[in-house]
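The primary structure of each chain is shown beneath.
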Amino acid sequence: MKKLTICLSFLVFVFIQTTSGTVSGKDGPKNIILLIGDGMGLGQMEVARLFEYGKQGRLYIETLPYTALVHTYSANNRVTDSAAGGTAIAIGKKTKNEMIGVNSNGKEEKSILDSFKDHLYKTGIVTTNSVTDATPASFTASVKNRWDDQQSIAKQQLQNKVDVIMGGGLSYFGANKKGDANLISLYKKAGYQFVATNQELKDAKSDKILGLFGPKHLNFKLDRKELHSQEPTLTEMTAKTIETLSKNSKGFFAMIEGARIDHASHASDLTSIWKETIEFDDAVKYCVEWAKKHPDTLVLVAADHETMGISASEPMDIKALKKISVTPHYMASQLQKNKNGIGYTNESIRKVFKQYAHMTLSNRDIALFQSDIKTDQGQVYPEQQVAWEIGNRIAKHYHAGSLDRSIEKLSTTGGHTSNMIAVFAYGKGASQFHGVMDNTDIPKKLAKLMGFAF
Ligand SMILES: [Zn+2]
């Protein structure tokens, strides 16, 4: 009887395997392009859609044929940070917040990118953040704390022989204090072409490219005009990456991150959420159009978590928000320091809100702002958090949906939420992505499609 049960179970298993239409192993995709919108929840997407196309319009991402919803909790928190969120998508296991490329016990784990390397596929990472930051690092390095020496992450990326690395983070590749060799020279010795400008990127011909276009993260799209930025767009970096990885290769895996959707969300900066999400949507469009010409490709669009509970509220003043031409981060950089170097002058606060956000602050508003940018001990917050304070006021003034600063201040992730995120898929194997999933399912499904043990 027992034998018969086992036999029947096996037959049922075979039946399911052959009727579920799974493409895997040698029938799987040749190339996988995984695009991650950092902090991109459905609220961020809806804001971008309304601002760019109006209520009847569609983002390009929304045209992809398969969708799923994904839970993102981490091993030690119901709300993940980018380290544990990126790691879940990279290694297929939950880890603790702040951990990168390791399991919840701190043990190093193989990432899906490593599996592609093991099988002699080419690999690449692209981001608008530093290439050593949480999401790209989760696929290419292992550290127990994301704030550890960023240079050690840059070194691991070299040791791991990732073919294309593009984004910001130049300041982590110089010689460190201990008299180590300059990391860029080590990359060059290992055969990488190093590029630092858009023109150099366009001209690059090598099979291995290290492109670093800014000291840390790249500039917000919204500030690029004001800052006379010469950085490549996310789509330009993506195009060169695909061109490079697809040259004479058996196939490739590329992770492309729109990182600053998260940064804009932390500042409740709806205008930048719009610009950064459209920048990301453009990169998705580029990849899908490339995949249409290369039908053995899977394009997967995901997010690591949602940030700040951004929502498209009914009274949100879209017209006014679209008129704002710089980010709260830029506005914070324009505040004048007091003579003693601590805090900012009332006049400059009034001026910056008027000039850039078209808001008239009363004396009481300014007094409240002055108190909100200080700790209980009277210390002024770093400029980034001053920017968050500015952005949150602008969002409130124009009735946009975002967590209150008081909630953000209590949060260890700076205002991330456990709201489900969406996955969109196009191409070979895309039909595997549907229903409600866990973030750890994403690399497991990719590995199964490729026939990798994972
Ligand atoms: Zn974040």
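What counts and how
Residues numbered from 1 in each chain as written. Predicted model: local features only at pLDDT ≥ 70, side-chain atom pairs only at ≥ 80, totals over all residues. Heavy atoms only, no water. UniProt positions renumbered as here; feature names shortened; annotations may be inferred. Helix = DSSP H or I, 4+ residues; strand = E, 2+ residues; numbered from the N terminus. Buried < 20%, exposed > 50% of the residue type's maximum accessible area, 1.4 Å probe, protein only. Polar contact = N/O pair within 3.5 Å; in protein donor to acceptor, adjacent residues only side chain to side chain. Donors = N, O, S within 2.8 Å, 3.2 Å for Na, K, Ca; no water. Tetrahedral: all angles 85-135°; square planar, octahedral: opposite > 155°, others 65-115°. 1 Å grid on protein atoms, 1.4 Å probe; cavity = no way out; pocket = protein on both sides within 12 Å on 5 of 7 lines; lining within 4 Å. Contact = heavy atoms within 4.5 Å. Core = buried A, V, L, I, M, F, W, Y, C linked by side-chain atoms within 4.5 Å. Domains from an automatic or database assignment. Pairing = 2+ DSSP bridges. Axes fitted to C-alpha atoms, helices over the stretch in contact; angles between N-to-C directions. Phe/Tyr/Trp six-rings, centres within 6.5 Å; stacked < 30°, edge-to-face > 60°. Salt bridge = Lys/Arg side-chain N within 4 Å of Asp/Glu carboxyl O. Buried area = accessible area lost by both parts, 1.4 Å probe.

Per an unreviewed UniProt entry, the protein chain goes by the name Alkaline phosphatase and belongs to Niallia nealsonii. Per UniProt, the comment on the protein chain under Sequence similarities (unreviewed entry) is "Belongs to the alkaline phosphatase family."

Peer 1: So what's going on with the environment of Ser 333? Which residues, and what values?
Peer 2: Turning to its location among the elements, Ser 333 is positioned in helix α13 (residues 328–333). Judged by its relative accessible area of 36%, Ser 333 is partly exposed. At 2.6 Å, the side chain of Ser 333 and the backbone oxygen of Tyr 330 are in polar contact. One polar contact links Ser 333 to Gln 334, side chain to side chain, over a distance of 3.3 Å.

Peer 1: Describe the coordination of the zinc ion, naming the residues involved and giving the relevant values.
Peer 2: Of the protein atoms, only Asp 262 (OD), Asp 262 (OD), His 266 (NE2) and His 416 (NE2) coordinate the zinc ion, at distances of 2.1 to 2.3 Å. Taken together, the four donor atoms surrounding the zinc ion define angles of 57 to 155° at the centre, an arrangement classified as irregular.

Peer 1: Got a sec to walk through the UniProt feature "binding site: Zn(2+)" (unreviewed entry) in the protein chain? Specific residues and values, please.
Peer 2: Summarizing the sequence annotation, UniProt attributes the feature "binding site: Zn(2+)" (unreviewed entry) to Asp 38, Asp 262, His 266, Asp 304, His 305 and His 416 in the numbering used throughout. Spanning 379 residues, the named residues form one tight spatial group whose C-alpha atoms are at most 14.4 Å apart. When only the residues just named are considered, the largest pocket is lined by Asp 38, Asp 262, His 266 and His 416. When its relative accessible area of 7% is taken as the criterion, His 266 is described as buried. Beyond its immediate chain neighbours, meaning those up to four positions away, His 266 contacts Thr 307, Met 308, Trp 388, Glu 408, Thr 413, Gly 414, Gly 415 and His 416. Checked against the element boundaries, His 305 lands in the loop between β8 (297–303) and β9 (306–307). Note on His 305: relative accessible area 0%, which makes it buried. In this structure His 305 touches Asp 38, Gly 39, Met 40, Gly 41, Thr 72, Thr 80, Asp 81, Ser 82, Asp 262, His 416 and Ile 421, once residues within four positions along its chain are discounted. One polar contact links His 305 to Asp 38, side chain to side chain, over a distance of 3.4 Å.

Peer 1: Quick rundown of the environment of Asp 282? Include the residues and the values.
Peer 2: Considering the arrangement of structural elements, one finds Asp 282 in helix α11 (residues 270–293). Separated by 204 residues in the primary sequence, Asp 282 and Arg 78 have C-alpha atoms spaced 31 Å apart.

Peer 1: I'd like to hear about the nonpolar core, residue by residue, with values.
Peer 2: Among the nonpolar cores identified, the biggest contains 120 residues, and Leu 35, Phe 139, Phe 253, Leu 270 and Ile 394 are the most heavily contacted of them. Ranked by residue count, the leading element in this core is α11, at 11 residues. A domain split of this core shows at least three residues from each of domain 1 (28–312 + 415–450) and domain 2 (318–400). Leave out the neighbours within four places in its chain, and Phe 139 touches Leu 34, Ile 36, Gly 86, Ile 89, Ala 90, Ser 111, Ile 112, Leu 113, Asp 114, Phe 253 and Met 255.

Peer 1: Got a sec to walk through the sheet that holds strand β5 (residues 193–195)? Specific residues and values, please.
Peer 2: Strand order in this open sheet of 10 strands is β5-β6-β4-β3-β7-β1-β8-β11-β2-β12, and the pairing throughout is mixed. Both edges of this open sheet fall to β5 and β12 (435–438), since each of them pairs with a single strand only. Geometrically, the sheet is characterised by an average inter-axis angle of 15° between neighbouring strands, direction not taken into account. As paired strands, β5 and strand β6 (residues 209–212) are joined by three bridges and run parallel to one another.

Peer 1: Can you explain the packing of aromatic side chains? Please cite residues and give values.
Peer 2: Counted by the stated rule, this structure contains 11 aromatic pairs. Ring geometry for Phe 116 against Phe 452: centres 5.0 Å apart, planes inclined by 85°, an arrangement best described as edge-to-face. Here Phe 116 is found in helix α4 (residues 112–118), whereas its partner Phe 452 is found in the segment after α18 (441–450), with 336 residues between them in sequence. Take Phe 116 and Phe 452: they sit in the same class, and that class is buried. On the numbers, 5.6 Å between centres and 85° between planes, the contact of Phe 353 with Phe 369 is edge-to-face. Here Phe 369 lies in helix α15 (residues 363–372) and Phe 353 lies in helix α14 (residues 346–357), a separation of 16 residues in the sequence. Phe 369 matches Phe 353 in its accessibility class, with the two residues each being buried.

Peer 1: A description of the pattern of salt bridges should follow, citing residues and the corresponding values.
Peer 2: The full count for this structure, using the stated rule, is 20 salt bridges. Lys 93 serves as the salt-bridge partner of Glu 109, at 2.9 Å between the closest nitrogen and oxygen. Within this pair, whereas Glu 109 is found in the loop between α3 (82–91) and α4, its partner Lys 93 is found in the loop between α3 and α4, the two being separated by 16 residues in sequence. Classification of Glu 109 as buried rests on a relative accessible area of 17%. Among the ionic contacts, a cluster of salt bridges with common partners joins Asp 372, Glu 389, Arg 393, Arg 405, Glu 408 and Lys 409.

Peer 1: Please set out the domain arrangement of the protein chain residue by residue, giving values where relevant.
Peer 2: As far as domains go, the protein chain holds domain 1 (28–312 + 415–450) and domain 2 (318–400). In this complex, domain 1 contributes 18 residues to the contact, which on the side of domain 2 involves 16 residues. Interface area, domain 1 with domain 2, both sides summed: about 1,400 Å², of which 66% is carbon and sulfur. Of all residues in domain 1, Phe 51, Glu 226 and Ala 267 bury the most surface against domain 2, accounting for 31% of the area lost on that side. The interface formed by domain 1 and domain 2 contains zero salt bridges. Our count for the domain 1 to domain 2 interface comes out at four residue pairs in polar contact (both at pLDDT 80 or more). For the side of domain 1 that touches domain 2, the secondary structure elements donating two or more residues are α2 (42–53), α10 (260–266) and α11. Considering every element that reaches the side of domain 1 that touches domain 2, the biggest residue donor is α11, with four residues.

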